[in-house]
Amino acid sequence: MVGHYSHFSEKFPHRVAARASIPSAWQRTQEELSLTYTYQTVGHDLPDYLARHPVTGLLIAHGDTILFEHYQYARTDRDQFLSMSMAKTIVAMLMGIAVQEGAVRSIDQPAADYVPALAGTEYGKTPIRALSHMASGVAFKEIYDEASDIQRLNRMLFSWDNPGPAQVAARFNTREAPPDTRFRYASVETEVLGLVVTQAVKMPLTEYLRTRIWQPMGAEADAAWTIDTTGQETAYCCINAVLRDWARVGMMLAHDGAWSGRQIVPRQWVLDATTAQYPFLRAGTATRFFGYGYQTWLLPGTGGSSPCAGSMARSFWSIR
């Protein structure tokens, strides 16, 4: 499993987002962070945490300074780590940039305005905003340990007879609720968002990632984004990057879309993306514990917009 998830891009076709010519600089403390914490009345420290948990890499940073960086299971700082559903948050950030640039006129437009192959389908009729909230109202069952729609989605996208991602998304075509009235986690909705961005900006998602986020933030290593059998990026998953670049993405969002003196993702978009815009999206309502923004989980007790580190505190890591 360790080898699989840190060498994912060697096993599957992908596109590459090339690193920056000059990486943004990390500082380091002279002495490594030493801290203790208590869990169930027992005291622990960071080496104890690593020994007790199957963590391949752990990096703790504050501002532009790395306080702690360790790897396990023969991994190193050159190994790429698989995003899983953090890719969803990246797609939402790319959508925000596309809106700022005018390639997407409004997120209240239906997806079919940009993806004609979805015309007449329930996902095609759904506004981009509702898709961003995982609130399309279209039936999609995402359960990982039993046969469900997520397995169907994966099989169709990676089969030799894949009809195309828009046609695959169109097969989930039963409406259960009006858009933006209920939350249901559904990876296919990110796939539709990825198609909207791709067709709106007229370039592959990986290229848009490279030119708008990866190089502007000063990534130190190439990233790889897995593509399906038609050559479309799997928008809901599978960006592969080194740990320090994941930390750059996290810090960029922690600073409301800015990093290394440059605004990369529009600040207001990041604030909107990390805010529960409707009561049904609030933490404790969307799910028993979490809330949801634009392709981003929201932690409890983080009700409104807040500056700077609030964005990171609310939500960047969208792994499921």
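No experiment lies behind these values; they were computed from the predicted model shown.

Chemist: Got a minute to help me understand the overall build of the protein chain in this structure?
Modeler: Counting its regular elements, the protein chain contains 12 helices and 13 strands. Against the 2.2 N^0.38 benchmark of 20 Å for 320 residues, the protein chain shows a C-alpha radius of gyration of 19 Å, consistent with a compact globule. Taken over the C-alpha atoms alone, the protein chain extends approximately 60 × 40 × 40 Å along its principal axes. In the protein chain, 66% of the contacts between residues at least 6 apart in sequence involve partners at least 24 apart. Counting only carbon and sulfur atoms, one obtains 53% of the accessible surface of the protein chain, whose full area is about 14,100 Å². Looking at charge distribution, the protein chain has the averaged site of its 29 positive side-chain charges lying 4 Å from that of its 30 negative ones.

Chemist: Is there a simple way to explain the side chain of Arg75 in this structure?
Modeler: One can find Arg75 in the loop between β6 (65-71) and β7 (81-82). No salt bridge is formed by the buried Arg75; the nearest opposite charge belongs to Asp79, separated by 4.1 Å. At 3.4 Å, the side chain of Arg75 and the side chain of His7 are in polar contact. What Arg75 contacts, discounting residues up to four positions off in sequence, is Val2, Gly3, Ser6, His7, Thr56 and Phe81.

Chemist: Whenever I open this one, helix α9 (residues 205-214) confuses me. Can you help?
Modeler: One turn of an α-helix holds 3.6 residues; hence residues three or four places apart share an orientation. Burial analysis of α9 places seven of its 10 residues in the buried class, the great majority of the element. Where α9 is concerned, the buried positions are Leu205, Thr206, Tyr208, Leu209, Arg210, Ile213 and Trp214. Next to the buried residues of α9 lie β1 (14-17), α3 (86-101), α8 (187-201), β8 (223-226), β9 (239-241) and α10 (243-254).

Chemist: Is there a simple way to explain the sheet that holds β8 in this structure?
Modeler: Strand pairs in the sheet, formed through backbone hydrogen bonds, run parallel or antiparallel to each other. Pairing in this open sheet of four strands is antiparallel, and the strands run β1-β8-β9-β7 from one edge to the other. Strand pairing shows two members of the sheet lacking a second neighbour, β1 and β7, which therefore form its edges. When β1 meets β8, the two strands line up antiparallel, connected through four bridges. Within β8, the position partnered with Arg15 by the bridge is Trp225. Each of β1, β8 and β9 touches α9; the most contacted strand, β1, lies at about 15° to it.

Chemist: Explain the pattern of salt bridges here, please?
Modeler: Pairs can form between side chains of opposite charge once their charged atoms are near each other. Enumeration over the complete set of coordinates arrives at 18 salt bridges. Between Glu146 and Lys141 there is a salt bridge; the shortest N-O distance is 3.3 Å. Assessed through its relative accessible area of 43%, Lys141 is described here as partly exposed. Here Arg210 ties to Glu207 by a salt bridge, and the two come within 2.4 Å at their closest N and O atoms. Placement of the pair is Arg210 and Glu207 together in helix α9, with a separation of three residues, close to one helical turn. When its relative accessible area of 28% is taken as the criterion, Glu207 is described as partly exposed. Among the charged side chains, a network of salt bridges with common partners joins Arg28, Glu69, Asp77, Arg78, Glu220, Arg244, Asp245 and Arg248.

Chemist: Would you explain the pairing of β8 in this entry?
Modeler: The side chains of a regular strand alternate between the sheet's two faces. What you see with β8 is no split at all: Ala223 and Trp225 on one side and Ala224 and Thr226 on the other are buried throughout. Pairing of β8 with β9 involves two bridges; the strand directions are antiparallel. Across the sheet, residue Ala224 finds its bridge partner in β9, namely Asn240.

Chemist: Whenever I open this one, the packing of α3 against α8 confuses me. Can you help?
Modeler: When two helices pack together, their arrangement is given by the angle between the helix axes and by the axis-to-axis distance. Packing of α3 against α8 leaves a shortest axis separation of 10 Å and a crossing angle of 35°. Where α3 crosses over α8, the two elements pack in a sense that is left-handed. Only Ser187, Thr190, Leu193, Gly194, Val196, Val197 and Val201 of α8 make contact with α3, whose side of the interface consists of Lys88, Val91, Leu94, Met95 and Ala98. Looking at the contact of α3 with α8 residue by residue, the classes come out as eight nonpolar, three polar and one charged.

Chemist: What exactly am I supposed to notice about the side chain of Thr65 here?
Modeler: If you trace the backbone, Thr65 turns up in strand β6. A distance of 3.2 Å separates the side chain of Thr65 from the side chain of Asp64, its partner in a polar contact. For Thr65, the residues in contact, after removing those within four places along its chain, are Trp26, Gln27, Arg28, Thr29 and Ile60.

Chemist: Help me understand the layout of surface pockets in this model?
Modeler: It is the rolling of a water-molecule-sized probe over the atoms that shows where space remains empty. The computed volume of the second largest pocket comes to approximately 420 Å³. Forming the walls of the second largest pocket are 21 residues, and the residues nearest its centre are Met84, Asn154, Tyr236, Cys237 and Cys238. Breaking the lining of the second largest pocket down by element, the ones donating at least two residues are α1 (2-6) and α6 (149-157). Tallying contributions element by element places α6 first for the lining of the second largest pocket, with three residues. Within the lining of the second largest pocket, the residues separate by chemical class into 11 nonpolar, seven polar and three charged.

Definitions and limits used
Residues numbered from 1 in each chain as written. Predicted model: local features only at pLDDT ≥ 70, side-chain atom pairs only at ≥ 80, totals over all residues. Heavy atoms only, no water. Helix = DSSP H or I, 4+ residues; strand = E, 2+ residues; numbered from the N terminus. Rg over C-alpha atoms; globule rule 2.2 N^0.38 Å. Contact = heavy atoms within 4.5 Å. Areas by Shrake-Rupley, 256 points an atom, 1.4 Å probe, with all protein chains shown as cover. Lys, Arg positive; Asp, Glu negative; His and termini not counted. Charge placed at Lys NZ, Arg CZ, Asp CG, Glu CD. Buried < 20%, exposed > 50% of the residue type's maximum accessible area, 1.4 Å probe, protein only. Salt bridge = Lys/Arg side-chain N within 4 Å of Asp/Glu carboxyl O. Polar contact = N/O pair within 3.5 Å; in protein donor to acceptor, adjacent residues only side chain to side chain. Pairing = 2+ DSSP bridges. Axes fitted to C-alpha atoms, helices over the stretch in contact; angles between N-to-C directions. Left-handed = near helix turned anticlockwise from the far one by under 90°. Nonpolar A, V, L, I, M, F, W, Y, C, P; charged D, E, K, R; others polar. 1 Å grid on protein atoms, 1.4 Å probe; cavity = no way out; pocket = protein on both sides within 12 Å on 5 of 7 lines; lining within 4 Å. Points joined across faces, edges and corners; volume = space filled by probe spheres on them.

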